[in-house]
Structures are given as C-alpha cells and as structure tokens.
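One letter stands for each residue in the lines below.
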Amino acid sequence: MFSAVPCLSFSTMCKAATHNSSNNYQGHARDADYIRRAAEIAQKSVGFTSPHPNFGCVIAVGADTKVAGEGYLYAQGTKPAEVQAVEAAGSLCRGATAYLNMEPGDCDGDHAAVSALVKAGITRVVVGIRHPLQHLQGDSVRALRSQGLQVDVLGEDLQSKVIEEARKSCLLVNAPLIYRAASRVPFSVLKYAMTLDGKIAASSGHSAWISSRKSRTQVFELRGRSDAIIVGGNTVRRDNPRLTARHGGGHMPLRIVMTQSLDLPEEANLWDVSDVPTLVVTQRGARKSFQKFLASKGVEVVEFDILNSRDVMEYFHDRGLLSILWECGGTLAASAISSGVIHKVYAFVAPKIIGGRNAPSPVGELGMVEMSQALDLIDVCYEQVGPDMLISGFLQPIPDVMPVIPSEDETCAVDPTVNPYESSIISFYKTWDPYGAFSNFSPHPIQMPGCNGEYSTWSSVEHYYQAQKFVGVNDPIAQDCIEKIKCAKSPEEAARMGRLMQRQHPDLVNSDWESAKIDVMYRALKCKFSIYPHLNSMLLSTAGSILIEASPHDLFWGGGREGEGLNYLGRILMQLRSEFLGESSTSGETTCMVV
C-alpha cells in the first residue's frame, strides 16, 4: 500500500527553493567571513620571525557560529595555529567547524595540526587555499577526510564574489610563499618615494626627505616584513643608508648591496654588521682588494660571472629567502623590472614639485616607446599616509594554487614504479622541504642534561646549540643570554640571539667552542632522533643516500652553493643513521664520517 504524499503547489516549491538558496548563500558567506578572519590573524606573525608561511585558525560553533577559539602560527618551530585554537576552544570543539586560511603544511612529520583537529572532535574543516608547495599540497586535506571529517576547500565547489574575495585574502597573506613556489625567485617588492612630478631626488642628488615621517614609519614596517632589503651602489654612495627596520626588536632583514664595479666607499653605515648582516653581490673579479676589506669588516661578498637581477634572485631563492624589498635607484629598478623579478610596487607620492631636467626618476629606461607598452598594476590600492598618497599594486598576478596537475600520490597510483623522492642524494634545508624535519630548526623539543646533571627541556636543537656557546662562562651577560635563548619563541629567534651575542661579545663565547660544537650538535640530534619514532623512521628510510644540508651560505654545517661546504650536519645525520641501523659502534664517539 502506498501512503499518500502531499502535493506541493508551484508557489510553495518556489518559496522552499528560495529559502534553501538563501540558507546556502548565508552559509557560504559565513564561511567566507571566517576564512577572512583566519587570514587576518595569520598576518599577526608577519615580520616577527621569517621566513615561514602564515597560518591562522578560527573555530566556530553552534547554529549562530560563534567563535570558540583562535590561533596563529608564530613561526615554523612553534605551536601550530590549529593546536592553539583547539586549546582555546576546549570542549566546545566537539561538532564545531575549523576555518583555516591555508591547508596545514606538515613539514615535520608529526601531523600535529591534523591530529589536534581530529582528537578535538571537529567535524568540518573549511580551507581557504590548498598548500602552494607541491609535495605538501592535498596531504592534509586527504588526511582529514580519511578521518571522517568534512573538508571544503573554498572556491572548488562554488564560485561567487564573496568567496573570491575571501580566497584573495588567503593568497595575499601568503603571497611571498606562493610567488616563490611558482616563480622560483623570492617575492620582490619595489618601494620608492617620489614627488608629484615623478622625481626621487633633486638634480643635485639630494633626496632627504621626499616623503613624510608617517610614510617613513610605514617603510620601516615594510622592511620588518621582508627577509632582505636590496639597494644599488649609487644609493650607498649618495645616501649612506642604514636600512634597519627600527621597529623595536624582532626580525631584522638582511641588507644586500648589488654593484657591478664594487665602486663603494670604505666608510659606510652598511659595513657595521654588529646588529644586522650585510651582503654584497658583484661581478666576478671586481676590486679584489676591496673584497678583502669588506671581509675584514664581516661583510659577505658573493661574486657572479655576469651580474643581473634574475641570477641574483635565483641565488637568494636557493638561499631560502621568501621576500625581498627593493629600495634602489631608477637604473637598478628598471633592470629588475625588465628581468621579471619584481612582483609588487609601493609608491609613496608626496604633494611636492621639484622639477629639473636631470632630476632622477624612480624607474630608468625600459625601452618603451608607446603608452600601449606601459605596465599596468593589478589590484591597485590607494591609501593616504599623512600628506602623502601610497599607491600599491601587483606587476604580476598572484599565481593560482588550484591543483591543475596530478599530485605525486596520484602519479604513483598510476605508475607504482615512480618514486618522487628516490635519489642517491637527499638535500634538506628549510623546514618546508620534503625532509625539512632533519633541520636543527624543526619543532621537536629535546631534554638535555646541564652542568649539574639535571635535565632541562629545550624547544628545539637550535635553541640548545646556540645556548651552549655561553654555558660555563662566569659572566651575568652570558647567563642572561642563555635564559633569553631558552625562552625564545622560535628557533629563528634563538639563532638570532646567539649569533648576535657571538658577534658583539666574542669574549663571552666558550674558549673551546670551535672544537666542541660538533659534539654539541651530535648529542642534541641524537636525542631528537631517539625520542621521536617518526623522525627515526624517516632517517632510516634514507639508507643508501647521501644527506646534504643544502644551505648555500653556511660552509660549515651546510653543503655550500657549489658543494664547497663541509656539510657537517649531513655528516652527523649519516653517522646517526648508521648507528641506528647497527652498522657501527654505539660507543658515543663524535667523529663524523667523511663523504
């Protein structure tokens, strides 16, 4: 027997459809709002510790979706945003929705972000964008779905203006990482200040000050959000800049001078590297005597066979930089734009007119003869800063991180013989690399004995290593430095503190440090790989491969740019691998194997 089914009139069905459509729209709009909030809080870490991706997490609960908890990743090597948000929300997580500006990136092999969401009872996750790095893209989405969670990636099932705006906020907060992953050069921003008639200095070369104090304060903030600042030789000769961030501590960007002739003065503020390092890139063979002078000041010099912006940026990509702020003159700016390495422009326009046929402009000759050839900025923004107008925009569109090619997992499923990581040489450097967990900067706390035999916990191997430089030194400054390093929020900050103290007070470094540092690193790494099973398994899985710490500038722990480094970090890891495999004695000797 069939039961009677009430018929719905056409008008009733239309009302129901309209109601459902309205609910769907409201739901998507709500998702977009919380994704924008996740991107907003992810911005909080920008400029404090670099380089690292920016992650934010918002947990919302209930029919009215109130915020129950939030968190953001301070730096690679600190507590994940998802863990912080779960801890803040507590029991309210059960049945709640987590909003992430970007798919979690498990660079460390412990799946902490995914595990936190699963264990807390989160039932739905909304991701703003997938991870831009190919070896991480889709991993966390698949892991969450395999645990029964509903995972929605914004924009992959529904397109609308509100969703597109939310996705854009996610792209912008990690624009440096996205551009770097797509273009194989650091995200580069050209900044300049000019008068209303387009001059960056008077005909005499005098340029202080075109912009207002408020504009200059904003420039300091831009510097603090960058890994490095680059200027040309003319800027050094004319302005003698310091190129500091001046924002009260935290991240201080590397200062880079790009000069073909190395025609630079012996007296310059940039040669004082007591607080901030300086690096000079130049043509091979240029002024060898001056190169020696710079080296004596502690300034690093890197030579190129042919000095051009593209090669220099590719070098700094390999060096691990995410973002570079160009504060150069018109000639170098034109070269960088022509090379295609400038991604965004910040132009401070002051309401002043200075005139002058020979007064310099912000961008030199680009070879354009018609206005139709002019470069248009994308996503232009206008902001009044004091009396000045700040105009910003992108020269190149933000790369789309929607998956367009099969992932490595999908490729291997089609052809099981394909192994993307099979190689006789395995390189690692930054914590986002496939084997980034091998780095001494990875977020794995260790317990190590002190001078009194009591064990204490260190947030990472790098924390412990930097502090050991000053252990046993009978001086209150050294003892204070040890405590500050131990409390540093991230491995990067611990490294900055230790290196700065070593430069400023070399007399406070242990007298036997140079002979002891290999043993210190060995003991810390052995502890790390002994207490974390997943790291031990990862290390053992590399059996038969040579491990190289791929830092191009650390010639002791790293492999160097052209393999000229000593690679002691890789050597120690290979020794530990042999010990764990039982192929050598475990007597605790610290002599590193030679490769």
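Residues numbered from 1 in each chain as written. Predicted model: local features only at pLDDT ≥ 70, side-chain atom pairs only at ≥ 80, totals over all residues. Heavy atoms only, no water.

## Side note on the overall build of the chain
Working step 1: Counting its regular elements, the chain contains 18 helices and 18 strands.
Working step 2: For the chain, the proportion of its 595 residues judged to be buried stands at 52%.
Working step 3: For the chain, the accessible area works out to roughly 28,000 Å², and carbon and sulfur atoms hold 53% of it. (Helix = DSSP H or I, 4+ residues; strand = E, 2+ residues; numbered from the N terminus. Buried < 20%, exposed > 50% of the residue type's maximum accessible area, 1.4 Å probe, protein only. Areas by Shrake-Rupley, 256 points an atom, 1.4 Å probe, with all protein chains shown as cover.)

## A look at the confidence of the model for the chain
Working step 1: On average, residues of the chain score 83 in pLDDT, and 87% of them reach the 70 mark or higher.
Working step 2: The model gives residues 410–423 a pLDDT under 50, and that stretch makes ten contacts with residues more than four places away or in other chains. (pLDDT = per-residue confidence, 0-100. Contact = heavy atoms within 4.5 Å.)

## Side note on the sheet that holds strand β10 (residues 300–304)
Working step 1: The strand order across the open sheet formed by nine strands is β10-β9-β8-β7-β11-β6-β12-β14-β13, and the pairing between neighbours is mixed. In this open sheet, the two edge strands, each paired with only one partner strand, are β10 and β13 (378–385). This sheet shows a mean twist of 20° between the axes of neighbouring strands, independent of strand direction.
Working step 2: When strand β7 (residues 228–232) meets strand β11 (residues 323–326), the two strands line up parallel, connected through three bridges. When the sheet's bridge partners are listed, I229 is paired in β11 with L325. (Pairing = 2+ DSSP bridges. Axes fitted to C-alpha atoms, helices over the stretch in contact; angles between N-to-C directions.)

## A look at the nonpolar core
Working step 1: Grouped together as the largest cluster of nonpolar side chains are 68 residues, with contacts concentrated most on I59, L117, I122 and V125.
Working step 2: Looking at this core, you find at least three residues from each of domain 1 (23–177) and domain 2 (184–366 + 374–394).
Working step 3: Setting aside chain neighbours within four positions, we find L117 in contact with E82, V86, A98, L100, I122, V125 and L144. (Core = buried A, V, L, I, M, F, W, Y, C linked by side-chain atoms within 4.5 Å. Domains from an automatic or database assignment.)

## What to know about the sheet that holds strand β4 (residues 124–129)
Working step 1: Read across the sheet, five strands follow the order β2-β1-β3-β4-β5 without closing on themselves; strand pairing throughout is mixed. Of all the strands in the sheet, the pair left with one neighbour each is β2 (66–72) and β5 (150–153). Direction aside, the axes of adjacent strands within the sheet are offset by 20° on average.
Working step 2: Bridge count between strand β1 (residues 56–61) and β2: six bridges; the pairing is antiparallel. In the sheet register, V58 faces β2, and the bridge partner there is E70.
Working step 3: Packed on one face of the sheet, helix α2 (residues 81–89) meets β1, β2 and β3 (97–102) and runs near 145° to β2.

## A closer look at a nonpolar patch on the surface
Working step 1: Residues L377, V380, Y382 and M389 make up a contiguous nonpolar surface patch of about 360 Å² in total accessible area.
Working step 2: By the secondary structure assignment, V380 is in strand β13.
Working step 3: Residue class for V380 comes out partly exposed when judged on its relative accessible area of 33%. (Patch = residues over 30% accessible without salt bridge, like charges linked within 9 Å, V, L, I, M, F, W, Y side chains within 5 Å. Salt bridge = Lys/Arg side-chain N within 4 Å of Asp/Glu carboxyl O.)

## Section: the packing of aromatic side chains
Working step 1: For the structure shown, the criterion picks out 15 aromatic pairs.
Working step 2: One aromatic cluster is present, formed by Y465, W513, F556, W557 and Y568 through successive ring pairs.
Working step 3: R571 extends its terminal NZ or CZ atom over the ring of Y568, reaching a point 4.6 Å from the ring centre. (Phe/Tyr/Trp six-rings, centres within 6.5 Å; stacked < 30°, edge-to-face > 60°. Lys NZ or Arg CZ within 6 Å of the ring centre and 35° of its normal.)

## Considering the side chain of K517
Working step 1: Its location among the elements puts K517 in helix α16 (residues 513–531).
Working step 2: Note on K517: relative accessible area 10%, which makes it buried.

## Some remarks on the environment of A193
Working step 1: Topologically, A193 is positioned in strand β6 (residues 187–195).
Working step 2: If we ignore the near neighbours within four places in the chain, the residues touching A193 are K199, I200, I210, S211 and F348.

## Some remarks on the pairing of β10
Working step 1: With five bridges joining them, strand β9 (residues 278–283) and β10 adopt parallel strand pairing. The residue of β10 that forms the bridge with V281 is V302.
Working step 2: Regarding the hand of the β-α-β motif, the stretch spanning β9, helix α9 (residues 288–296) and β10 is right-handed. (Right-handed = clockwise from strand over helix to strand, strands pointing away.)

## Observations regarding the pattern of salt bridges
Opposite charge on two side chains allows them to pair when their charged atoms are near.
Working step 1: One pass over the structure, following the stated rule, counts 19 salt bridges.
Working step 2: Across the salt bridge formed by E87 and K79, the nearest N and O atoms sit 3.2 Å from each other.
Working step 3: With relative accessibility at 40%, the residue K79 sits in the partly exposed group.
Working step 4: K191 is paired through a salt bridge with E327; the nearest N and O atoms lie 3.2 Å apart. Of the two residues, K191 is situated in strand β6 and E327 in the loop between β11 and α11 (330–338); the sequence distance between them amounts to 136 residues.

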